[in-house]
Amino acid sequence: MARKIIDPITRIEGHLRIEVELDGNRVVDAWSSGMMFRGIETILRNRDPRDAPLMTQRICGVCTHVHYDASIWAVENAFGITPPPAARIVRNLILGTQLVQDHIIHFYHLHGLDWVDIVSALGADPKKAQDLAHQFADDPWNADAKHLEAVKNRLAAFAKSGQLGPFANGYWGNPSYKLPPEANLLIASHYLDALDVQRLGGQVLAVLGGKEPHTQTLVVGGVTCVEDLLNPKRIGDVLFRIRKLGEFVRRAYIPDVLLAGSVYAGEGLQGIGAGHGNYLAYGAYPLSDDLDRGKLLMPQGVILGKDLTRVYDFDPAKVSEYVTHSWYTYGDESQGIHPSKGVTQVNYTDLGPDGHVRADGKYSWLKAPRYDGRPMEVGPLARVLVAYARGVPEVRALVDGTLKRLGAPATVLFSTLGRTAARALETRWVADALPGWVEELVRVMKVDGRTFAPYTLPDEAVGFGLTEAPRGALGHWVEVRGGRIANYQCVVPTTWNAGPRDAKGVRGPYEQSLVGIELADPDQPLEILRTIHSFDPCIACAVHLLRHDGPSRTVRVL
């Protein structure tokens with residue numbers, strides 16, 4: 001048996017290390033290590049709880065707003081606050097726009113090149129690429145032969161110069177790339193288009209959120225963007241941009257994923273990258289003013305063992321975190337601790353002397369979350385499966401239509417390909433909902449202009465906020481004593497997915513999804529990157545490392 005280390009995994013947020021054990025070219029075991037200490041929870045102690053939302057945004061450098069959102073809900077839950085209807089809708093609009101923008105970036109700029117061979121595109125026939133585009137969309141985005149010829153020439157100029165620019169350092173030519181040259185050219189062209197289109201999402205967040213990244217319009221009790229909500233031009237700007245985003249999703253993103261899915265369907269049917277088959281969604285986007293969690297755009301639920309015939313209701317009391325293999329310490333590490341009582345006590349032990357993971361040791365800064373003792377996958381696939389199994393009409397139509405187009409059964413979803421496809425379908429689901437929320441906001445502001453609910457700061461309170469980040473279920477738990485934060489814990493999506501083994505030695509979702517993968521070339525672990533990227537990793541981007549034997553130091557990440 002041979003060990004192989006991929007460190008760092010690139011095209012993600014933060015520092016992730018993957019170590020695998022190979023039997024020939026086949027992965028037989030895997031270890032996932034988050035290599036940076038976050039520590040935000042520790043920084044929050046003894047602070048005013050109303051500071052937590054702004055400070056927790058700094059956990060992430062990509063989808064910063066989601067921590068803002070979760071933290072606001074947590075503090076409002078603790079204080080017993082129900083924000084006014086307009087605030088609820090604004091929050092849905094910001095969260096939904098960020099999801100659409102984030103998923104577009106993820107497919108084209110972070111994950112797509114695991115499926116698309118840019119160098120192969122140099123051999124494409126632009127006319128055939130145009131014809132191919134029309135097989136997957138009635139009105140494909142920017143796909144006429146003349147434009148595709150220009151894109152091909154642009155890529156050729158990169159290659160001729162000996163520098164592929166943003167496309168350098170890929171495993172181009174690897175046998176696991178299966179798309180024909182014309183498909184590679186078409187999706188590469190949309191890669192370039194997406195660089196411009198994703199900006200529209202950022203502009204919507206800047207209008208409604210005050211700035212982007214790190215929006216500032218949410219406050220405990222409501223939102224502050226009152227002048228923008230009363231300005232028809234600003235609302236029109238928002239509506240134009242979210243419609244344009246939706247157009248790109250319908251004419252480029254969905255057709256491109258269908259095209260890739262038609263070629264890689266065999267891998268999906270084999271279940272490559274499936275993992276444990278347990279899925280968890282907290283649910284998000286409240287549709288009723290009383291915040292009834294039974295009335296969410298994205299429903300909550302739990303699916304076990306790939307069984308889509310039954311969805312269990314999510315119970316927050318069943319969440320726990322283990323540190324048996326994490327660089328933290330508990331009094332009894334054979335037991336998990338609920339986040340409301342969570343402990344963040346550092347116990348760094350390093351890797352083994354040979355640089356490999358110790359068989360029974362600690363190897364990650366991520367804790368190991370479990371639901372009722374089970375590892376759970378969170379994210380777009382979990383949300384789509386829960387919604388599909390609960391019979392949400394929009395999702396049933398999207399999933400069934402895609403499966404019919406591919407001629408594949410629902411089991412194809414339990415795979416790396418299924419994870420990628422679910423993200424695209426979810427983008428369409430949310431993009432279609434956004435314009436209706438703008439219209440709802442205009443109606444609400446005409447009859448109820450409130451954007452803030454007054455409250456009194458209590459001395460003692462506990463609460464939690466649950467939402468759905470683009471990458472998956474996100475929860476913040478807060479405890480207030482004497483008007484200050486006594487304890488704060490975040491369980492982020494990548495902690496669920498990338499966490500290490502638990503006290504029973506059960507692998508985390510990343511680790512399990514890699515077992516059984518066959519590498520075409522162990523020196524080019526493309527298949528490992530493809531599966532890991534399909535989760536959209538976001539290792540917390542804190543840049544302050546803590547030395548266990550001395551003072552803290554700051555490391556600048558370039």
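Residues numbered from 1 in each chain as written. Predicted model: local features only at pLDDT ≥ 70, side-chain atom pairs only at ≥ 80, totals over all residues. Heavy atoms only, no water.

Looking at this model, I keep getting lost on the environment of V238. Mind explaining?
With respect to the secondary-structure elements, V238 resides in helix α9 (residues 232-269). Sequence separation between V238 and P537 is 299 residues; the distance between their C-alpha atoms is 29 Å. V238 has contacts with V204, V207, L208 and V438, leaving out every residue within four places of it along the chain. (Helix = DSSP H or I, 4+ residues; strand = E, 2+ residues; numbered from the N terminus. Contact = heavy atoms within 4.5 Å.)

What is the right way to read the pattern of salt bridges from this model?
For side chains bearing opposite charge, pairing can occur when the charged atoms are close. Within this structure, the stated rule accounts for 36 salt bridges. The salt bridge partner of K127 is D131, with a shortest N-O separation of 3.1 Å. One end of the pair, K127, and the other, D131, are both in helix α5 (residues 126-136), four residues apart, so they sit about a helical turn from each other. Residue D131 is classed as partly exposed on the basis of its relative accessible area of 34%. Here R251 and E247 are joined by a salt bridge, their closest N and O atoms 2.4 Å apart. Of the two residues, R251 and E247 both sit in helix α9, four residues apart, roughly one turn of that helix. One network of salt bridges, with partners in common, ties together R3, R17, E19 and E21. (Salt bridge = Lys/Arg side-chain N within 4 Å of Asp/Glu carboxyl O. Buried < 20%, exposed > 50% of the residue type's maximum accessible area, 1.4 Å probe, protein only.)

Would you mind showing me how to read the state of the cysteines here?
Each disulfide is one covalent bond, formed between the sulfur atoms of two cysteines. Applying the stated criterion to the full structure yields zero disulfides. C490 takes part in no disulfide bond, and the closest cysteine sulfur, belonging to C60, lies 12 Å away. Under the relative-accessibility criterion, C490 is labelled buried at 2%. Cysteine C538 is unpaired, with the sulfur of C60 as its nearest cysteine sulfur at 3.4 Å. (Disulfide = S-S within 2.5 Å.)

Just to check I follow, could you spell out the sheet that holds strand β2 (residues 16-23) for this structure?
In a beta sheet, neighbouring strands are held together by backbone hydrogen bonds and run either parallel or antiparallel to one another. Across the sheet, three strands lie side by side as β1-β2-β3; this open sheet has antiparallel pairing. Looking at the sheet topology across the chains shown, the edges are occupied by β1 (2-6) and β3 (26-34). On average, adjacent strands in this sheet sit at an angle of 20° to one another, irrespective of strand direction. Here helix α15 (residues 526-534) sits on the sheet and contacts β1, β2 and β3; the angle it forms with β2, its principal contact strand, is near 135°. (Pairing = 2+ DSSP bridges. Axes fitted to C-alpha atoms, helices over the stretch in contact; angles between N-to-C directions.)

Can you help me understand the sheet that holds strand β14 (residues 484-491) in this one?
Spatial strand order, β12-β13-β14: three strands in an open sheet with antiparallel pairing. Of all strands in the sheet, those bounded by a partner on one side alone are β12 (461-469) and β14. Sheet twist, expressed as the mean angle between neighbouring strand axes with direction ignored, is 15°. Sheet topology places strand β13 (residues 472-481) next to β14; seven bridges connect them, and they run antiparallel. Each bridged residue has a counterpart across the sheet, and for G475 the counterpart in β14 is V491. Sitting on the sheet, helix α3 (residues 64-79) touches β12, β13 and β14, and the angle it makes with β12 is about 150°.

Got a minute to help me understand the packing of helix α6 (residues 145-160) against helix α7 (residues 181-209) in this structure?
For any two helices packed against each other, one specifies the crossing angle of their axes together with the interaxial distance. In the contact formed by α6 and α7, the axes pass within 10 Å of each other and the chain directions differ by 85°. Taken together, the axes of α6 and α7 lie roughly perpendicular to each other. Note on element contacts: α7 touches α6 through L185, L186, A188, S189, L192 and D193, opposite H147, L148, V151, K152, R154 and L155. Of the residues assigned to the contact of α6 with α7, the class counts are seven nonpolar, two polar and three charged. (Parallel < 35°, antiparallel > 145°, perpendicular 65-115°, else oblique. Nonpolar A, V, L, I, M, F, W, Y, C, P; charged D, E, K, R; others polar.)

I'm lost on the environment of T420 in this one. Help?
Here T420 shows up in helix α12 (residues 416-447). Sequence separation between T420 and D536 is 116 residues, and the spatial gap between their C-alpha atoms is 9.4 Å. Residue contacts for T420: discarding those within four places in its chain leaves F107, H111, W115 and S534.

Before we go on, may I ask you to explain the packing of aromatic side chains in this structure?
In this description, an aromatic ring pair is defined by two values, namely the gap between the centres and the angle between the planes. Within the structure shown, the criterion is met by 19 aromatic pairs. Measuring from ring centre to ring centre gives 6.3 Å for F464 and W477, while their planes differ by 25°; the resulting arrangement is stacked. You can see F464 sitting in strand β12 and its partner W477 sitting in strand β13, a full 13 residues away along the chain. For W477, a relative accessible area of 4% puts it in the buried group. (Phe/Tyr/Trp six-rings, centres within 6.5 Å; stacked < 30°, edge-to-face > 60°.)

Whenever I open this one, the packing of helix α4 (residues 85-111) against α15 confuses me. Can you help?
Contact pair α4 / α15: the axes reach a minimum separation of 11 Å and the direction vectors enclose 165°. Taken together, the axes of α4 and α15 lie roughly antiparallel to each other. For the element pair α4 and α15, the recorded crossing hand is right-handed. Within the contact between the two elements, α4 uses H106, L110 and H111 and α15 uses R530, H533 and S534. (Left-handed = near helix turned anticlockwise from the far one by under 90°.)

How do you make sense of unusual backbone geometry when you look at a structure like this?
A negative phi angle is the norm for most residues apart from glycine, just as the trans form is the norm for most peptide bonds. Each neighbour pair has its own omega, and for D7 with P8 the value is 5°, a cis peptide bond. The topology assignment puts P8 in the loop between β1 and β2. Residues other than glycine seldom take positive phi values, yet Y285 does so here, at roughly 70°. Turning to its location among the elements, Y285 is positioned in strand β7 (residues 284-286). One non-glycine residue with positive phi stands out, namely L291, at about 60°. Of note, L291 is situated in the loop between β7 and β8 (296-298).

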